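# Remarks on the overall topology
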Protein chains: 4
Amino acid sequence: MVKTDHSQEMLALLKELFEERIPFNKVLGIRFRSLDLEQVCLEIRMKEELIGNFAKGVLHGGVISAILDVTGGVVAMVDLIQRMKEHSIEELSKKLINVGTIDLRVDYLRPGKGAYFSATGVTMRTGHKVAVIRSELHNDQGLLIAAGTGTYIVG
Amino acid sequence: MVKTDHSQEMLALLKELFEERIPFNKVLGIRFRSLDLEQVCLEIRMKEELIGNFAKGVLHGGVISAILDVTGGVVAMVDLIQRMKEHSIEELSKKLINVGTIDLRVDYLRPGKGAYFSATGVTMRTGHKVAVIRSELHNDQGLLIAAGTGTYIVG
Amino acid sequence: MVKTDHSQEMLALLKELFEERIPFNKVLGIRFRSLDLEQVCLEIRMKEELIGNFAKGVLHGGVISAILDVTGGVVAMVDLIQRMKEHSIEELSKKLINVGTIDLRVDYLRPGKGAYFSATGVTMRTGHKVAVIRSELHNDQGLLIAAGTGTYIVG
Amino acid sequence: MVKTDHSQEMLALLKELFEERIPFNKVLGIRFRSLDLEQVCLEIRMKEELIGNFAKGVLHGGVISAILDVTGGVVAMVDLIQRMKEHSIEELSKKLINVGTIDLRVDYLRPGKGAYFSATGVTMRTGHKVAVIRSELHNDQGLLIAAGTGTYIVG
């Protein structure tokens, strides 16, 4: 019997959830530049509400940690989708709903200047219980603004 | 000659700055419940924009890390005001403007449920270059929601 | 039927394991000052091998992070023993063997000067999968030398 | 006037200091596989004293955090030597003596199995006051055992 691959369907659900259904993500203006099994890239655009220092016009540190946290969580979820792509949508959804951040370290490396910013992540450890994801935020000049390491419950 | 103590004036400026002049703090709705040389307590109230999980109605992790980061920064600034209270407002302001987060660890301990949340911090290390501040976020039932440890540039 | 409480037996096994059976713990000279369900306190004594700075005669940072990591692990294990004290020694042992550190943050607050040092920890989060433990190292004058926060797999 | 480049002399002093003069580094058996302005690689070899789990024969977590901490410190020092290579040996030495770890996060990714292990680091942020260094420990199969991020005082 041929197994059905639900990964594309789940990724579409994930995109809709993160972009449209999470109120604080909408405040941040999080959009996916790419979201597939090989690559995850989130983007935010500078706007006045996200400023942390009125004199310097840079992103608030809380915006930076928020997007790195979200990026790590999405990467952990995409890993789960990859591993469980032949499970039913119901089983997968139940798994994804329970993904949560346990802890996060953020290193603020340069002032968050730019018109837009992109965030990516890589899996450093993955297992049945926890995943560790490293994430980075770059500005529109390709400068590394901040880096994060988060530990996520995945099972 | 009697030295003038500028601490109360600086604390008033700090309050105005953090509550009124930082756009993302206004998005979060950060208010000071107390802000003096002995005690710093910030408060935020739950509102729809701050939600991270539409099903559970809890604070977004990014809101939690943002408020812990802000709390640590304020505690580091109040320490500076305490130590430099006899310096001029200009000197003090120049110092405070350069305070910045180097890194932050956040431990997400319980779901962010509640009508309001309060954040406090204690100084673990202070010096001429860096300060390390531990912070905690409690909900309206007194439950510890998250804890943070941040390293801040102070000189 | 009366359930047998195996906690005292397990604590005695834990003490023997950590003090006598783990080679690197012997290098560090880790001893328990107290080890019961209410309180965990480890001690190490200064000796030449533990020095990190020949000029200043202070503990090596690696010694500090090692003892904080061990302390957090022991506190996570004691929590498990408390929760599972009526399980068999075999079941408990199997659980304890799988406890492991996922990540650890250490803040080095003061130089590690002293003739002996004591380490304690408190549980900040505990569950079926992970525990988060905060630990502190004090010197013989009661000065806080370092603080740690570790996330541990417990199930 | 031609400026004298003291970097090679300082690197030789650093090598001697870290390999021969720091007692706990000798316990760990730290050796440099490479130490120049372009590349820093430390090595340790498995030996009984470094074991953390007698059943599994793997490195103790404290050994892993110690070597990552040392690696980050050396990379921060090599950055300083690079930037100040035309200063006198006395000035450089005074700078290097004050380099210290403020905080460190370690992610334990895989069991520390192997006959030998190598540690490398990259600078993520460098400045007049603090440096942030990311470090990695690989085993003799090239497997990533652990990763660290440390913040160091450098000025």
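In what follows, the structure referred to is the one given above.
Reference entry: report on the structure contained in this document.

## A look at the relation of the copies chain B and chain A
The transformation that overlays chain B on chain A combines an axial shift of 0.0 Å with a rotation of 180°, and the residual RMSD is 0.0 Å. Those values place the two copies in the arrangement expected of a two-fold rotation axis. Minimal C-alpha separation from the rotation axis in chain B is found for R105(B), amounting to 2.1 Å. Counting the interface residues of chain B, we find that 100% of their copies in chain A are interface residues as well, pointing to one common contact surface.

## Thoughts on the sheet that holds strand β2 (residues 40-45) of chain A
Sheet architecture is open: 12 strands sit in the order β1(A)-β2(A)-β6(A)-β7(A)-β8(A)-β5(A)-β5(B)-β8(B)-β7(B)-β6(B)-β2(B)-β1(B), paired in antiparallel fashion. Either end of the sheet is taken by a strand with one partner, and the two such strands are β1 (31-35) of chain A together with β1 (31-35) of chain B. Adjacent strand axes in the sheet meet at a mean angle of 20° when their direction is disregarded. Sheet topology places strand β7 (residues 130-139) of chain A next to strand β8 (residues 144-153) of chain A; 9 bridges connect them, and they run antiparallel. Note on β8(A): the bridge partner recorded for E136(A) is A147(A).

## What about helix α3 (residues 61-83) of chain A?
With 23 residues, α3(A) extends 33 Å between its outermost C-alpha atoms, agreeing within 8% with the 33 Å of an ideal straight helix rising 1.5 Å per residue. Counting buried residues along α3(A), 20 of its 23 residues qualify, which places the element largely inside the surrounding structure.

## Overview of the environment of L144(C)
Tracing the chain through its elements places L144(C) in strand β8 (residues 144-153). C-alpha separation for the pair L144(C) and S118(C), spaced 26 residues apart in sequence, amounts to 9.8 Å. Those residues in contact with L144(C) that lie beyond four places of it in its chain are M124(B), L109(C), R110(C), E136(C), L137(C) and H138(C).

What counts as what
- Per chain, the residues get numbers from 1 upward, laid out in the order the sequence is written.
- Chains and ligands are labelled sequentially in the order written, the chains with letters from A and the ligands with numbers from 1.
- Where local features are concerned, this predicted model is filtered to residues with pLDDT of at least 70; where side-chain atom pairs are given and counted, the filter is 80 or more; whole-chain, interface and lining totals use all residues.
- The side-chain figures draw on all heavy atoms in the structure; neither hydrogens nor water molecules are used.
- The atoms used to superpose the copies are C-alpha atoms, taken from residues with pLDDT of at least 70 in both, and the fit is least squares.
- Every residue pair with non-hydrogen atoms within 4.5 Å of one another is taken to be in contact.
- At least two bridges found by DSSP between two strands are what make those strands a pair.
- By definition, any uninterrupted DSSP run of H or I lasting at least four residues is a helix, any uninterrupted run of E lasting at least two residues is a strand, and each is numbered from the N terminus.
- Axis angles are defined between N-to-C directions and span 0 to 180 degrees, where every axis is a line fitted to C-alpha atoms and, for a helix, only to the segment in contact.
- Every helix has an expected span of 1.5 Å times one less than the residues it contains.
- Burial classification: accessible surface area is computed with a 1.4 Å probe over protein chains only, and a residue below 20% of its type maximum counts as buried, one above 50% as exposed, and the rest as partly exposed.

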